[in-house]
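Spelled out, the chains give:
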Amino acid sequence: MHSIPSPAVMHPLSLSASSRFLSQKLLIPSSFFSNFKTTHRRFHTNFTKVPIIIRNCTSPPVYAKPSSQIRRSRAKKWEPDEKLQALRELFSKPGIGIDAYIIPSQDAHQSEFIAECYMRRTYISGFTGSAGTAVVTKEKAALWTDGRYFLQAEKQLNSNWILMRAGNPGVPTTSEWLNDVLAPGAKVGVDPFLFSFDAAEELKEAIAKKNHKLVYLYNPNLVDEIWKGSRPMPPNKPIRIHELKYAGVDVASKLSFLRSELLDTCSSAIIVSMLDEIAWLLNLRGGDVPHSPVMYAYLIVEVDGAKLFVDNSKVTPEVLNHLKNAGVELKPYDTILSEIESLAAKGAELWFDTSSVNAAIVNTYKSACDRHFEIHASDRKGNLHNGSNDQSWGPSGVYRASPISLAKAMKNSAELEGMHNSHLRDAAALAEFWLWLEEEIDKDVKLTEVDVADKLLEFRSKQAGFIDTSFDTISGSGANGAIIHYKPEPESCSVVDPKKLFLLDSGAQYVDGTTDITRTVHFGEPTAREKECFTRVLQGHIALDQAVFPENTPGFVLDAFARSSLWKIGLDYRHGTGHGVGAALNVHEGPQSISFRYGNTTPLQKGMIVSNEPGYYEDHAFGIRIENLLCVKQVDTPNCYGGIEYLGFEKLTYVPIQTKLVDLSLLTVAEVDWLNNYHAQVWEKVSPLLDGSAREWLWNNTRPLVKQ
């Protein structure tokens, strides 16, 4: 499944033309965007809005119109929007006084998946995709999203909204658009809890070109004001301990590692706001966010202590004892800002990862530091009078990437064992599911895409250690498969058509691991064109799976391996090829990725887990994607140029790939061998977990192919 993982978690400016980490189910660090935007804008200045020719496999050329023409040709009849009207009425209220308001997708922790009560952008716009930014002025409303969601947004936005297809030629960034539509000197409001500090600073600088001012509205959030009584309650599910046999390293050791990092950077404490980082560091799991086993919390780790800011009602006696043993003190969730002020007043040097810590926290610290300087100004003058010239006097903060992100990404042996075991149980559930689905289709049973997703959940829930799905199942028949992050809804989904391609992207959260797998199948006779496109996607999947590369290689170097076969006939796809995956944690995590966005220079390292998911999508026709999860491992090579290690991948996913869709004439002998060897491994590893007709189904779908 494609999206973006932390710490490159999609920040509110990421859906501008610079489209931060459009990949994956993915996202790119903010350091990249200053370079990327310059290049991207230079490209736009020379671009003339003429149709782009896209040739597909065997059909005549397809002409893709510029985004602006698409919007005009699909204009909807205007209809009143009471939510937008109510929001605009707040703009002129005392203490607010703004001309525009930006509503991002994120919560206060820059999460990709968020609790329902924080889905403010969804509430105001009606667009339910996980990535997007809404901007409302007194006269206009616009929504930016990336290529994964263009078709979905077209369907869900009403006539009051302008759809901005981020990354398409001629589409402005959010700040460029604001600079264009607002009179100079306008005030742009944001909730500083919902923007990372870096994102807020980037926005502030961009709109200053037209003398616009960024206004922080700490309380209330304007969308919450109009949401009122219908807004869902905040989640309060109990926290649980993630057992050491799955975590592999105890909390004391993880905190000791983090404190050594503090000492190395001369920091007094670090502020951790990413929810999966907190869960990993404390060996805890929660249920506050759909699909992600995390809890809403902040964590401050000092050299001699730690404080967890969380709703106390979620903390069971067992968890409380677990935290006490690790030397972690509990504090109310909403006291984080007062604690930051207190630390600054004591002269503490706090470490912030400003790409993820929200602007409210960082600005609170900076303001408190200013007050600290004012209060102790006389002391400083005395030091200078006595000949001291200490430029580091007083707290100033340490701004650098979180050390937890990389440590979490490199899985230890216990985490890898849990991932292997959970994937095999998941594969058994999928074998039983595919058998059921094929039998129902053969009996001409009418099944909707939602029916299929619900049945898959039923099979998975029978497996030991099952907790939840790892994301909303993407169950797309025919044209719906071309909507990259399609979510079927009961009132609008399609019936699975046996004569069309069917794409199923799904995953699960188990107590010991996280899964994510995509398979594309046909229940009838696929066309030659469908087979060619599927086979070229498969060739890209095989090429990446077999890649061997020197250590310190970033993921973007490998992205072309997965696209090369498609490129040969002028095809491509609008998402990254691979995202990081957590161990019994978020299905999308950073810092690693495999993407055409070359700004993420994080090297792939042993123990990292990434997805391998090339695809091809033809709008309003069909979608194809083949996805396995891979673990980075050391590879023995006959040579060792430069005296460095060479790395490759080990498969975690073991589910058959439908051979009916393979055009053998396109495959090399080596590629056929890869497919046969993979299916032999699937049979060897998964068949012991099955019996009866499910075992027979697995046997029938893992038989070797022979290239004539």
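Keep in mind the model is a prediction, meaning the values are calculated, not measured.

**Details of the confidence of the model for the chain**
Summary statistics for the chain give a mean pLDDT of 88 and a share of 86% for residues scoring 70 or more. In the predicted structure, residues 4-74 sits below a pLDDT of 50 and forms 220 contacts with residues beyond four places in sequence or in another chain. Across residues 382-392, where pLDDT falls below 50, the model places 3 contacts with residues more than four positions away in sequence or in other chains.

**Quick notes on the nonpolar core**
Residues L282, L308, F433, W434, L437 and F502 are the most contacted members of the largest nonpolar core, which totals 101 residues. If sequence neighbours within four positions are ignored, W434 has contacts with F502, L504, R519, V521, F523 and W697. Membership of the second largest hydrophobic core comes to 27 residues, among which are Y101, L143, A153 and V215.

**Section: the packing of aromatic side chains**
Under the criterion given, the structure shown has 21 aromatic pairs. For the pair Y123 and W227, a centre-to-centre distance of 4.7 Å together with 15° between the ring planes defines the contact as stacked. A residue pair is termed long-range when its members are at least 10 positions apart, and Y123 in helix α4 (residues 120-125) and W227 in helix α8 (residues 222-227) qualify at 104 residues. Accessibility expressed as a relative area gives 16% for Y123, which makes it buried. What makes W227 buried here is its relative accessible area of 7%. When the centroid spacing of 5.4 Å and the interplanar angle of 15° are considered together, the rings of W674 and Y678 count as stacked. In this pair, W674 and Y678 both sit in helix α21 (residues 669-686), 4 residues apart, roughly one turn of the helix. Judged by its relative accessible area of 6%, W674 is buried. The exposure class assigned to Y678 is buried, which follows from its relative accessible area of 0%. Connected via pairs of aromatic rings, a cluster forms that spans F433, W434, W436, F459, F502 and F523. Of note, K83 hangs over the ring of Y123, and the distance from its end group to the ring centre comes to 4.1 Å. Geometry around Y573 places R563 over its ring, the cationic atom sitting 3.9 Å from the centre.

**Remarks on the packing of helix α17 (residues 413-442) against helix α22 (residues 692-700)**
Viewed as axis vectors pointing N to C, α17 and α22 meet at an angle of 90°, and their least axial separation amounts to 9 Å. By the criterion of interaxial angle, the relationship of α17 to α22 is roughly perpendicular. Judged by residue contacts, A431, E432, W434, L435 and E438 of α17 engage S693, A694 and W697 from α22. Looking at the contact of α17 with α22, its residues break down into 5 nonpolar, 1 polar and 2 charged.

Cut-offs and rules
- Residues numbered from 1 in each chain as written.
- Predicted model: local features only at pLDDT ≥ 70, side-chain atom pairs only at ≥ 80, totals over all residues.
- Heavy atoms only, no water.
- pLDDT = per-residue confidence, 0-100.
- Contact = heavy atoms within 4.5 Å.
- Core = buried A, V, L, I, M, F, W, Y, C linked by side-chain atoms within 4.5 Å.
- Buried < 20%, exposed > 50% of the residue type's maximum accessible area, 1.4 Å probe, protein only.
- Phe/Tyr/Trp six-rings, centres within 6.5 Å; stacked < 30°, edge-to-face > 60°.
- Helix = DSSP H or I, 4+ residues; strand = E, 2+ residues; numbered from the N terminus.
- Lys NZ or Arg CZ within 6 Å of the ring centre and 35° of its normal.
- Axes fitted to C-alpha atoms, helices over the stretch in contact; angles between N-to-C directions.
- Parallel < 35°, antiparallel > 145°, perpendicular 65-115°, else oblique.
- Nonpolar A, V, L, I, M, F, W, Y, C, P; charged D, E, K, R; others polar.

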